[in-house]
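So you can see what is in the structure, the chains are spelled out below.
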Amino acid sequence: MRTVFLGWNRPALAQAAELLLDQYSSAGTADLSGAIAVLPGARAGRRLLELLVEQTEERNSALVPPSIVTLGTFPEKLYEPKGRFADRLSCQLAWLRAVRELDLELLQRIVPEPPDRRDPLRWLGLADLVARMHVELAGQGFLFADVVSRGFLAGQTVENGRWQTLAALQEAYAQRLERLGLVDAQLARLDAVKEAVCRTQRDIFLVGVADLPQIVEKMLEQVADRVTALVYAPPNMADRFTKLGAIVVPAWRQAELPLDDEQLVVVDGPSDQATAVVEALGEYNGRFTPDEITVGVPDASVVPYLERRFEQFDIPARYAEALRLKQTAPYRLLAAVADYLDGRRFADFAALVRHPDLALWLDETSDARQPGAWLAALDAWYARHLQTTVDEGLPDSRQPAAGSPVNEPRGGQEDARQVAALADRVGQLCQPFADAMPLADCAQKIAALLVAVYGRRPLDSHTGRVVLEACDSIHSALLEAVAADARLAGRWKAADAIRLLLRQIDDLPVPPAAGPAAVELLGWLELPLDDAPALVVTGFNDGFVPSSINADPFLPNSLRRRAGLVDNERRYARDAYALAVLIGSRRVRLIAGRRSAEGDPLTPSRLAFACPREKIPRRVLAYFQGGEVRSSQPRVPQGLRAGRGKSTFEPPRPQPPEKPTTSMRVTQFRDYLACPYRYYLRHVLNLRSLNDLAEELDPLAFGSLAHEVLSAFGVNPDNSRLVDAEKISKVLDAELERLVRGIYGKRRLPAVNVQVAHLRLRLAAFARWQAGWAAQGWRIVASEVEVGEGAAALRVDGEPMFLRARIDRIDRHDADGRHVIFDYKTSDAGHPPDKTHRKQDRWVDLQLPLYRHLAKAVGIEAREVALGYIVLPKDVAAVSAHLADWQPDDLARADEAAAEVIRQIRAGNFWPPTLPAPDFDEFTAICLGWNGESEDPQIKVDIEAFDRAAGVLRQLSLLAD
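Because the structure is predicted, anything quoted here is derived from the model rather than measured. (Residues numbered from 1 in each chain as written. Predicted model: local features only at pLDDT ≥ 70, side-chain atom pairs only at ≥ 80, totals over all residues. Heavy atoms only, no water.)

## Points about the overall build of the protein chain
For the protein chain, the helix and strand inventory stands at 34 helices and 27 strands. Overall, the C-alpha framework of the protein chain stretches about 115 × 65 × 55 Å when taken along its three principal axes. Looking at the 961 residues of the protein chain, the share that counts as buried comes to 48%. Nonlocal contacts in the protein chain, meaning residues at least 24 apart in sequence, comprise 78% of its contacts between residues at least 6 apart. Summed over all atoms, the accessible surface of the protein chain reaches about 44,900 Å², with 51% contributed by carbon and sulfur. Put simply, the protein chain has 116 plus and 131 minus side-chain charges, and the middle of one group is 2 Å from the middle of the other. (Helix = DSSP H or I, 4+ residues; strand = E, 2+ residues; numbered from the N terminus. Buried < 20%, exposed > 50% of the residue type's maximum accessible area, 1.4 Å probe, protein only. Contact = heavy atoms within 4.5 Å. Areas by Shrake-Rupley, 256 points an atom, 1.4 Å probe, with all protein chains shown as cover. Lys, Arg positive; Asp, Glu negative; His and termini not counted. Charge placed at Lys NZ, Arg CZ, Asp CG, Glu CD.)

Dropping the structure here:
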């Protein structure tokens, strides 16, 4: 066994490539086919191959490359297995079978509360937990039984039973695979070491492998004469490494690191870290091209801030871990299908049809003239009916429209028919997954679904690449499912089978597209073997550098230490060596933050204090007392061009209406008085906000339901003469029950039932008031009276403006013929008319005063008519009538306010938006935070807030991809 110390004067991989070529070059050919190069990760392996190619070209030699493998796949180069290796899915299924078939009493030794038998995914989670322990322990050369027999539990007799049961479980797992002719790779390695069968005819070069699992060390000892360890460290550090080049934990645990104070930068939040990186790059003064610069990102949450800041300064960047399979469109489509199949809940249905690729498929395969029209219909239908599923209350989409359902609003039946057609098409797509089936059959149906959605789609160079990468990985998982032994795979519900297969690939990265030179963003463990001469590291905080685990329920840190597993001390030693490499091999800047992206406090890396004792107080004070906290406003570094520091936005200006306004509903005056611009959006452009986010009746829907009940009560003339509160309450209850059943059906959201019960209490209180009101001689003479265009007008400057309205209720007194026009109000507060119509003696609502001008049109001949509210507030004791006590002068001023509104609308004055925004604002997405500071307004966005938003948008864009 040979150990070669490379030193830190040159990059490790360049030295390794040179050493290999020197050893194997002859007669113009570098034949490295007899060598195996073992590296910590795949990226380092790719880079080593690049360097071998470059150096052989420089030498004018032909290259026969070596076998380049990662440490995880290397052991299988040293022995012949006794059977076919089980793939990941087969291992997972074998563990699942072993766990589920374990006796319940024994299983409770492992987990006191085992999963429900009907919940396969929780069983799968338990099986995965046991499988991860199996891999970790076997990697150090142990079986579960060894934890007890070797005394690792240190006398903890309570744990003995648990680990004995785990040992039996491991044995059952191995036997199940053996019966199927399969071999677990971890157990095969243990057998190879035990039977001393490790052999190779090739030379093995360990390149910068500083953290070797014990099982690999034992295998290498059996082929020691073939092993050369290339250690990335100077020879004077030989006592800190084993003969195989692995770190000696105590030596690195106690080592001082030659880190200068100037190399440490402490800033506030993630945005400030990004700014500090840009400043560090600016100080290079253009000495390095982008591909000669690396930024370390131990904390991935800093990445969106870095990408945003780099974009501002036109710095190209590439983050290999930016996109995972679980964030791609095909993966998310299958996950959405599984959620929908699991219970056919409306929320899951809505999420599924909103998936961009399925939405495109729906548009492509429908005969709708307007793409996406079904989405507005779906939102409108849901907002009206608040269903938990889409299985009830829908018409047959193939039949012509019939009579309108109970109180269905105009256009509501067409919405229902579109939703029914949508549900039919989604149902046809998912129909093959209706029943439980063998896993292989489910895999084939998943493939057919992906072909149906993606098979005919043209794909662009970016999105298409991601889709193809995702489909390729999904295809590999489906092939494993098809090939899995039926005795192991069994039958699955479709939703569970989809989730099982997605678990195989969810955390796989989707590599970024090849492109021009860019700054690489790399994780901490990849930095030592990276050969970029310029390095800046962010997230130099404890928990990231070094990481630690203290709360593992099966393998706590104390047990790890006794068993020689990777514990916190080993993690510290590994990261101390990595930092020593970075400090010794190049000029590095380390940036630590005081708080996370969520605002939580962070602590500095313990490695910052692996220094002479006299430096520690100064570093502690620099971090915790603060000094200067870097501003999130970046200074323009030399050699970099700053982007825009402010974002501007102006709401689109209103355009003159195509037709003059000749009539208005009396409620529209309130909207104009609140905000002319929002009036324009709502009543001139007829914009509406629709979504399917409601989990209960909103105030408008709650009020509409109450209005419909009370309207039905008032339409029947016999009801107005009832003076018995109990009878009135029964009439209202029956009507409420009929409406709720007709509108919301049996599968309505649970919150609706609570709200209906509360409305019933309000109606009972109304019944008591109505009985007393009727006893005084008042009768309902009209209910829900619609006053259409042309029936009543308000003349302004000699021109009529026709008023429209739906009057909730008109009452007449039997004795003296007095009339009252009432409007029902169900708001929680139950304010009287003057409080809702006027603020600081200024009219903000004109609904009731304008009813005076409608009186004749609805058959009231009297010159004076009373105006008021019947309020049904949250406090049922306050249910009552409130009559307005406005004097003639007050009403005259109301008419003047109405006339001025009409003049402004006729003149087309709909600008600017009112500040602050009114309470009923539904156009936030259009108006945003317009500040009205100048004639040409701008939104001024703080750069840090913008960065946070950019981070969110970045994640959303990944989801969309």
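Moving on from the model shown.
## Focus on the packing of helix H18 (residues 439-454) against helix H21 (residues 494-503)
As a packed pair, H18 and H21 sit with axes 10 Å apart at the nearest point and diverge in direction by 80°. Judged by the angle between their axes, H18 and H21 are roughly perpendicular. On the side of H18, the interface is formed by Leu-439, Cys-442, Ala-443 and Ile-446, while H21 contributes Ala-494, Ala-497, Ile-498, Leu-500 and Leu-501. (Axes fitted to C-alpha atoms, helices over the stretch in contact; angles between N-to-C directions. Parallel < 35°, antiparallel > 145°, perpendicular 65-115°, else oblique.)

## Things to note about the sheet that holds strand S11 (residues 264-267)
Spatially, S11-S18-S17-S12-S16-S13 is the arrangement adopted by the 6 strands of the open sheet, whose pairing is parallel. Taken across any chain shown, the strands that pair with only one partner, and hence form the sheet edges, are S11 and strand S13 (317-319). Taken pair by pair, the neighbouring strands of this sheet meet at an average axis angle of 20°, ignoring direction. Where strand S12 (residues 293-296) lies against strand S16 (residues 519-522), 3 bridges are found, and the strand directions are parallel. Its bridge partner lying in S16, Val-295 is registered against Leu-521. (Pairing = 2+ DSSP bridges.)

## A word on the environment of Leu-527
Positionally, Leu-527 belongs in the loop between S16 and strand S17 (534-537). Spatially, the C-alpha atoms of Leu-527 and Val-297 are 9.6 Å apart, while their sequence positions differ by 230 residues. In contact with Leu-527, other than residues within four places in its own chain, are Thr-294, Gly-296, Leu-522, Leu-535, Val-537, Leu-582 and Arg-586.

## Overview of the pattern of salt bridges
Two side chains of opposite charge can pair, provided their charged atoms sit close to one another. As enumerated under the stated definition, the model contains 58 salt bridges in all. The partner of Glu-54 in a salt bridge is Arg-47, with the nearest N and O atoms 3.8 Å apart. The salt bridge involving Arg-487 is made with Asp-485; its shortest N-O contact spans 2.8 Å. In this structure Asp-485 comes out as partly exposed when scored by relative accessible area, which is 24%. Beyond isolated ion pairs, a larger network of salt bridges with shared partners links Asp-834, Arg-838, Asp-841, Asp-890 and Arg-893. (Salt bridge = Lys/Arg side-chain N within 4 Å of Asp/Glu carboxyl O.)

## A few points about the packing of aromatic side chains
In the structure shown here, the tally under the stated rule is 27 aromatic pairs. Clustering of aromatic rings is evident, with ring pairs tying together Phe-713, Phe-766, Trp-769, Trp-773, Trp-778, Phe-822 and Tyr-824. Here the guanidinium or amino end of Arg-162 rests over the ring plane of Phe-554, the centre of that ring lying 4.3 Å away. One cation-aromatic arrangement involves Arg-594 over Tyr-623; the distance from NZ or CZ to the ring centre is 6.0 Å. (Phe/Tyr/Trp six-rings, centres within 6.5 Å; stacked < 30°, edge-to-face > 60°. Lys NZ or Arg CZ within 6 Å of the ring centre and 35° of its normal.)

## Focus on the sheet that holds strand S5 (residues 62-64)
The 3 strands lie next to each other as S2-S3-S5, forming an open sheet whose pairing is mixed. A strand with exactly one partner marks an edge of an open sheet, and here the two such strands are strand S2 (25-26) and S5. Where strand S3 (residues 29-31) meets S5, 3 bridges bridge the pair, whose relative direction is parallel. Residue Thr-29 lies in a different strand from S5, and its bridge partner there is Ala-62.

Scope: geometric values only; no functional claims are made or implied.
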